[in-house]
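# Topology and contacts: notes
If you want the building blocks of each chain, they are given just below.
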Amino acid sequence: RLHSPRLFSLSSLQTKMNQLMKASAKATLDAAQGLYESKFLSYPRTDSFYITENEHQYLVKHLQNYKKFLGIEEVQTTEIRAKKRYVDAKKVQEHHAIIPTKTIPTPARFAKLSKLQQAIYLQVLRTTVAMFAADYIYEETTVMTGVQQLKLKSIGKIPLQQGWQEILRIKSKKKEAQTLPPIVENEEAEVELKSMEKEAPKAYTEGTLITAMKTAGKTLDNDEAQEILKEVEGIGTEATRANIIENLKQKHYIEVNKNEIIVTPKGITLCKAVAN
């Protein structure tokens, strides 16, 4: 059973749009700010994934209008009670999660938005509506195959209830689990083994870097540095992380090549100077 994704904070929206469209953190912030100024989205500079009861009731009131805009009026959205996964006033500080407003763009107005703004609006709208749909339920079968001293795991999944995935289909880079053939316990099987070299860690994208900045400190060995970053909740804030990245790019400490962030020789020199 899988619940629908959490509502968006600015950082998670920046991460998602970089993943979907290779958009920079600043581009996503600017586009979301434009949607806010057009009164299509709520205030974007937020670090919260939650809304309060007031916003929840507001969304329920306009739910059918959102579904009509998305063309999914036939999809069931009967889960209208406030769930703690999304609605928790105690976890909302200055601003709640990014949600749609009652102002829905007309087709003509939507067509005039930039491609990034269109994608952001649809992503936020679908994620918000998915909150009211049933869980995605599947049956999972795990088979362990013994090869000498090794144990190999095979997983098969069969969807039983699509739920929110009818609204917001999540594309995974991981291989989808296949439906397994009928298997009897202790049945003999042929196995082809291949040796694989371990790949180097993937380079950061602006999306994964935003996430790393937010959670910085959790993987540090230095206790003092960990406490400092924990106290300030990572590097930067929702409103400043995009500018920090842009500043590093403008000063040529980092470069972005095919969505991957590369540290320049100048940036390496800076890192060595700071380390000393």
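For the structure, see preceding data.
Here is a short report on the structure shown in this document. (Residues numbered from 1 in each chain as written. Predicted model: local features only at pLDDT ≥ 70, side-chain atom pairs only at ≥ 80, totals over all residues. Heavy atoms only, no water.)

All right, on to the overall build of the protein then. The secondary structure content of the protein amounts to nine helices and four strands. Walking the protein from its N terminus toward its C terminus, one meets helices and strands in the order α-α-α-α-α-β-β-α-α-α-β-β-α. Looking at the protein residue by residue over its 276 residues, the buried ones come to 37%. Of the contacts made within the protein by residues no fewer than 6 positions apart, 73% connect residues no fewer than 24 positions apart. In the structure as shown, the protein presents an accessible area of about 18,300 Å², 52% of it carried by carbon and sulfur atoms. (Helix = DSSP H or I, 4+ residues; strand = E, 2+ residues; numbered from the N terminus. Buried < 20%, exposed > 50% of the residue type's maximum accessible area, 1.4 Å probe, protein only. Contact = heavy atoms within 4.5 Å. Areas by Shrake-Rupley, 256 points an atom, 1.4 Å probe, with all protein chains shown as cover.)

In the structure shown here, the tally under the stated rule is nine salt bridges. For the salt bridge of Asp-135 with Arg-1, the shortest nitrogen-to-oxygen distance reads 3.2 Å. Here Asp-135, found in the loop between helix H5 (115-130) and strand E1 (137-147), pairs with Arg-1, found in the segment before helix H1 (10-21); they are 134 residues apart in sequence, far enough to count as distant. Asp-135 gets classed as buried once you look at its relative accessible area, which sits at 11%. For Arg-1, a relative accessible area of 60% gives the class exposed. (Salt bridge = Lys/Arg side-chain N within 4 Å of Asp/Glu carboxyl O.)

Among the nonpolar cores identified, the biggest contains 39 residues, and Leu-13, Ile-51 and Ile-120 are the most heavily contacted of them. Elements represented by at least two residues in this core include exactly H1, helix H2 (25-37), helix H3 (53-70) and H5. It is H5 that provides the largest number of residues to this core, a total of seven residues. Ignoring anything within four residues of it in the chain, the contact list for Ile-120 reads Leu-13, Met-17, Thr-28, Ala-31, Ala-32, Leu-35 and Leu-41. The next biggest cluster of nonpolar side chains, apart from the first, holds 10 residues, and it includes Leu-29, Leu-209, Met-213 and Ile-261. (Core = buried A, V, L, I, M, F, W, Y, C linked by side-chain atoms within 4.5 Å.)

Checked against the element boundaries, Glu-55 lands in helix H3. Look at Glu-55: it is buried, it has no salt bridge, and the nearest opposite charge is Lys-84 at 13 Å. Those residues in contact with Glu-55 that sit more than four places away from it in its chain are His-96 and Ile-99. (Lys, Arg positive; Asp, Glu negative; His and termini not counted.)

As a further point, take the packing of H1 against H5. Relative orientation of the contacting elements H1 and H5 amounts to 120°, with a least axis distance of 11 Å. In terms of orientation, H1 lies oblique with respect to H5. Of the two elements, H1 crosses H5, and the hand of that crossing is right-handed. Listed contacts from H5 to Leu-13, Lys-16, Met-17, Leu-20 and Met-21 of H1 are Lys-115, Leu-116, Ala-119, Ile-120, Gln-123 and Val-124. (Axes fitted to C-alpha atoms, helices over the stretch in contact; angles between N-to-C directions. Parallel < 35°, antiparallel > 145°, perpendicular 65-115°, else oblique. Left-handed = near helix turned anticlockwise from the far one by under 90°.)

Okay, H1 next. When the terminal C-alpha atoms of H1 are compared, their 16 Å separation across 12 residues agrees well with the 16 Å that a helix rising 1.5 Å per residue should span. The set of residues buried in H1 consists of Leu-10, Ser-11, Leu-13, Gln-14, Thr-15, Lys-16, Met-17 and Asn-18. If you follow the buried residues of H1, they end up packed against H2, H5, helix H6 (206-214) and helix H8 (241-250). Within two residues after H1, Lys-22 carries a phi angle of roughly 60°, on the positive side. (Expected span 1.5 Å × (residues − 1).)

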